[in-house]
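# Examining the three-dimensional arrangement
The primary structure of each chain is shown beneath.
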Amino acid sequence: MTTLNELSGCVVQYDPDALPVPSAQAIVREWATPVGVVERVPLHDALDRVLAEDIVSPIDVPAHDNSAMDGYAFKSAALDLERGTDASAHLNLTVAGKALAGHPFNEHITAAQCVRVMTGACIPPDCDTVIPQELVTREGDVIQFAFDAVKRGANRRRAGEDLARGHAALRAGRIVRASDLGLLASLGIGEVPVRRRLRVAFFSTGDELRSLGEPLDPGCVYDSNRHTLFAMLRRLNVDALDLGVVRDQPDALEAALRSAAASADVVLTSGGVSVGEADLTKKMLRTFGDVAFWSLAMRPGRPLAFGRVWSGDRPGDGSPALFFGLPGNPVAVMVAFYQIVRDALLLMSGATPQPVPLIRAASRVAIRKRAGRTEFQRGIAERDAHGQWHVAPTGSQSSGVLSSMSEANCFIMLGHEQSDLAVGEAVDILLFDGLI
Ligand code: AMP
Ligand code: MG
């Protein structure tokens, strides 16, 4: 047994031949250090990038108190005027002027006067309340409305109520979304500090792999993993560096790993880590890198090597890159990417990974599951008319059947301790929408 302590400062014990998924995730998080370089990019280029600093609001938004409605602004002191004993008493005010958005009215008025205001117009000096136009009757310059029609201070949007000057409007580590671009623009910010994009190099390994455009020789398969990886990396907005296919030869593999380490922050490979082959990867990593683990209590995705590779001859020589040796089977590549790699890439990009929401669903069928490993089955989930989610596994759960990923709309998450599931039993599902 090795302790996580030796590897990463945690204190969980594990069996390196079948590391539980949560322990693997903890090690990976420990090893993932964010890129330090900060770039200042024009507003639109900041979309999907990671904020490098807190954005402190340089102004109040809105900058002035303004009207939330089309109507009439007046002094609420007018509501204190004599209203007699009649419960339906009305107030009469004289219109003294007009304020439009971008065209303020700056004169003083009395409690017997009001100002015509449109939505977004500055609240004139002296005024504090807006009566919507639907609630008044107007004849010439005089409006009339019931005393009870409006409360003091109504329909006034306060300066700074959206964003207060001097407060952090967005926090470092945030991935910039559509609303954030608008928010930054509302602060007058046209240049945004973001982290440098993470560079991720990836290649496939296997003598049987053929690239697009090549004839499919007997016994060969087209390399699909590189394209799935490209797509998953693109969605995370990292710089993806496709290094092609590398044959199952130690020299070729070593050269590819070293040059990948020289040019990227992270190296992802697929294939060549299953039983037998794994020994080669392990041996190679020990010469010019570090291995943290190479096998997970996870299905699919059991063989998965994780560590660090260096571009030089020995660990510590040249430039380092985090290394993920993913399995070869196409479904296992995707599962391993989402469960083990994704958070590491987000952390290294400087982002604060948010937990992806899970939904509880009732299983439509009995599911066989052995306790002591985490399983991610491909499922089809639906919500019924009462809002209850139901899920059923797709037909084949083989880790080589990639069509099961295209057919499915969720992962069925079967935790480490979970055993067989009965029909109707509740299970967590992870919807692909938003993830993939
Ligand atoms: P390996 O882990 O290298 O033993 O590969 C396991 C299985 O995945 C084998 O059937 C391989 O042919 C297949 N495989 C490996 N790499 C790829 C790839 N890049 N694209 C499609 N299938 C692959
Ligand atoms: Mg192989």
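The shown structure was predicted, so the numbers you read here are calculated from the model rather than taken from an experiment. (Residues numbered from 1 in each chain as written. Chains lettered and ligands numbered in written order. Predicted model: local features only at pLDDT ≥ 70, side-chain atom pairs only at ≥ 80, totals over all residues. Heavy atoms only, no water.)

On domain assignment, one finds that the chain holds domain 1 (4-37 + 196-348), domain 2 (38-61 + 161-195), domain 3 (66-157) and domain 4 (359-431). With centres defined by C-alpha atoms, the gap from domain 1 to domain 4 works out at 27 Å. Contact with domain 1, which involves 16 residues of that partner, is made by 17 residues of domain 4. Taking both sides of the interface into account, the surface hidden between domain 1 and domain 4 amounts to around 1300 Å²; carbon and sulfur atoms contribute 69%. (Domains from an automatic or database assignment. Contact = heavy atoms within 4.5 Å. Buried area = accessible area lost by both parts, 1.4 Å probe.)

This next bit is on a nonpolar patch on the surface. A grouping of Leu212, Leu216 and Tyr222 is seen on the molecular surface, where their side chains present a nonpolar patch of about 310 Å² in accessible area. Along the chain, Leu216 turns up in the loop between strand S17 (209-210) and strand S18 (221-222). (Patch = residues over 30% accessible without salt bridge, like charges linked within 9 Å, V, L, I, M, F, W, Y side chains within 5 Å. Areas by Shrake-Rupley, 256 points an atom, 1.4 Å probe, with all protein chains shown as cover. Salt bridge = Lys/Arg side-chain N within 4 Å of Asp/Glu carboxyl O. Helix = DSSP H or I, 4+ residues; strand = E, 2+ residues; numbered from the N terminus.)

Ranked by size, the top nonpolar core spans 50 residues in total, and within it Leu268, Phe293, Phe306, Phe324, Phe337 and Phe411 carry the most contacts. For this core, the element with the highest residue contribution is helix H7 (residues 330-348), accounting for 13 residues. Setting aside chain neighbours within four positions, we find Phe293 in contact with Leu19, Ala24, Ile27, Val28, Leu304, Ala305 and Phe306. Counting 20 residues, the second largest nonpolar core, distinct from the first, contains Val246, Leu253, Ala264 and Ala305. (Core = buried A, V, L, I, M, F, W, Y, C linked by side-chain atoms within 4.5 Å. Buried < 20%, exposed > 50% of the residue type's maximum accessible area, 1.4 Å probe, protein only.)

Looking now at the packing of helix H4 (residues 225-235) against H7. At a minimum axis distance of 11 Å, the contact between H4 and H7 shows a crossing angle of 30°. By the angle between their axes, H4 is roughly parallel relative to H7. Here H4 runs over H7; the crossing is right-handed. Contact residues: H4 offers Asn225, Thr228, Leu229, Met232 and Leu233, while H7 offers Pro330, Val333, Met334, Phe337, Tyr338 and Leu345. Looking at side-chain class alone, the contact of H4 with H7 contains nine nonpolar, two polar and no charged residues. (Axes fitted to C-alpha atoms, helices over the stretch in contact; angles between N-to-C directions. Parallel < 35°, antiparallel > 145°, perpendicular 65-115°, else oblique. Left-handed = near helix turned anticlockwise from the far one by under 90°. Nonpolar A, V, L, I, M, F, W, Y, C, P; charged D, E, K, R; others polar.)

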